[in-house]
There are 2 protein chains.
Amino acid sequence: MQVAAELQRAHHHHQRHKQDTPMCRQIQLTISDHTTAGDDDGEDLFIPPLNFAMVDNGIFRSGFPEPANFSFLQTLGLRSIIYLCPEPYPEANMEFLKSNGIKLFQFGIEGHKEPFVNIPEDTIREALKVVLDVRNHPVIIHCKRGKHRTGCLVGCYRKLQKWCLSSVFDEYQRFAAAKARVSDQRFVELFDISSLKHFPIPFSCLKR
Amino acid sequence: MQVAAELQRAHHHHQRHKQDTPMCRQIQLTISDHTTAGDDDGEDLFIPPLNFAMVDNGIFRSGFPEPANFSFLQTLGLRSIIYLCPEPYPEANMEFLKSNGIKLFQFGIEGHKEPFVNIPEDTIREALKVVLDVRNHPVIIHCKRGKHRTGCLVGCYRKLQKWCLSSVFDEYQRFAAAKARVSDQRFVELFDISSLKHFPIPFSCLKR
């Protein structure tokens, strides 16, 4: 009987709670939960950007960082960001850069879909020079989803590190998944690293 | 007419080539190409192990390293390897460890398939302590395919770094892909980090 009473009280409480919380408020709560990422013993959790990963010492990659990712990005102590889209950087992101003394390198590569793909080799080469310059580290490379444009740049970096193509493509596909493009992989395969070969790669997996 | 003659000659060459190369020889060539990874201006390319990636400063992850991967692994300057399978380490890998002064930490976790999964929490906790100890860095964590056992250990490491669960799972799924297991992700979710909280994390994304 006591159990039944408990259940009834719980049920009543549930009903009342439901009435107090219309659908629109529930949605609001969900969004707010996402932004603060819940907590763990009262401490906030970090939300890395979509497709975030470490490429090498001082080099990171990701999808487009949102305000919810800013506290995580602060922990990386970034000196610069390489942004690979032509669209202007949002106000909130510009504010984040300013207040954290982060330099923005924007290379406007169009995000065409196959078969109208045209990754500009010269632009990737210029972006690669920024990646290779340790004075810009720690640096994060990002485009919109961290798959195609970012994948091409990281793929060319791996070629400079003398990775065999199958490993370069394996990494590309890990991030692009179902959206992997043959044209991107062909771009990386054909990308000529000879002009960058004598560029210093001051730290990397090869120089530990 | 000239074009037709060219085509005919090309066709003839192709036919002759086909006759000279029986199927079994083609397979042999493919395997040998894979082992030496071709070359680039006479220099050998590196073959990272399957599912290789950088987890954090001085921490790497991968699938089982084969002899073809040894020259790449040498570039990492590894001090230790965390091996998460119960099977004995192959002779060739033991030789590689000896000649490069690399310490082996073996934690024999069975590679059960769902629904018979039982990741031992204590073993993961002990492995995590080895990961966290900088005296073991650079360290590479690996199991067989670098998906499940390695994914669980890295997932617990991310919890210590205060990553939100959705980001931890996103990373886990990137490596496990079609083989992602709900049971592994539940294990990571329920894994209690409280006993490790005061363990020093001397460098990480959080301490740059």
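Parameters and conventions
Residues numbered from 1 in each chain as written. Chains lettered and ligands numbered in written order. Predicted model: local features only at pLDDT ≥ 70, side-chain atom pairs only at ≥ 80, totals over all residues. Heavy atoms only, no water. Helix = DSSP H or I, 4+ residues; strand = E, 2+ residues; numbered from the N terminus. Buried < 20%, exposed > 50% of the residue type's maximum accessible area, 1.4 Å probe, protein only. Contact = heavy atoms within 4.5 Å. Areas by Shrake-Rupley, 256 points an atom, 1.4 Å probe, with all protein chains shown as cover. Polar contact = N/O pair within 3.5 Å; in protein donor to acceptor, adjacent residues only side chain to side chain. pLDDT = per-residue confidence, 0-100. Phe/Tyr/Trp six-rings, centres within 6.5 Å; stacked < 30°, edge-to-face > 60°. Lys NZ or Arg CZ within 6 Å of the ring centre and 35° of its normal.

K.L.:
Before we move on, can you summarise the overall build of chain A with the specific residues and values?
P.N.:
A count of helices and strands for chain A gives eight helices and seven strands. Considering chain A as a whole, with its 208 residues, one finds that 48% of them fall into the buried category. In chain A, the share of contacts with a sequence separation of at least 24, taken over all contacts with a separation of at least 6, comes to 67%. With an accessible surface of roughly 11,100 Å², chain A has 55% of that area assigned to carbon and sulfur atoms.

K.L.:
Give a description of the side chain of Arg125 of chain A that names residues and reports values.
P.N.:
Residues and elements named next belong to chain A. Its location among the elements puts Arg125 in helix H5 (residues 121–132). Overall, Arg125 belongs to the buried group, its relative accessible area being 13%. Reaching out from Arg125, the side chain makes a polar contact with the side chain of Glu121 at a distance of 2.7 Å. Within polar-contact distance, the side chain of Arg125 engages the backbone oxygen of Asp192 at 2.8 Å. Ignoring sequence-local partners within four residues, the contact set of Arg125 consists of Phe191, Asp192, Ser195 and Leu196.

K.L.:
Quick one: what's the story with the confidence of the model for chain A, residue by residue and with numbers?
P.N.:
Residue and element names in this part refer to chain A. Averaged over all residues, the pLDDT of chain A equals 81, while 73% of them reach at least 70. Predicted confidence is poor over residues 1–40, with pLDDT under 50, and the contacts of this stretch with residues over four places away or in other chains come to 19 contacts. Quick note on the complex model: pTM equals 0.79, ipTM equals 0.78.

K.L.:
Explain the packing of aromatic side chains to me, using residue names and the numbers behind them.
P.N.:
One pass over the full model with this rule turns up 20 aromatic pairs over all chains. Note on Phe52 of chain B and Phe60 of chain B: the rings are 5.7 Å apart at their centroids and 20 degrees apart in plane angle, and the pair reads as stacked. Both residues of the pair, Phe52 of chain B and Phe60 of chain B, belong to the buried class. Taken together, the aromatic side chains of Phe46, Phe52, Phe60 and Phe72 of chain A together with Trp163 of chain B make up a single cluster linked through ring pairs. Arg158 of chain A extends its terminal NZ or CZ atom over the ring of Trp163 of chain A, reaching a point 4.2 Å from the ring centre. The side chain of Arg61 of chain B reaches across the aromatic face of Phe175 of chain B, ending 3.6 Å from its centre.

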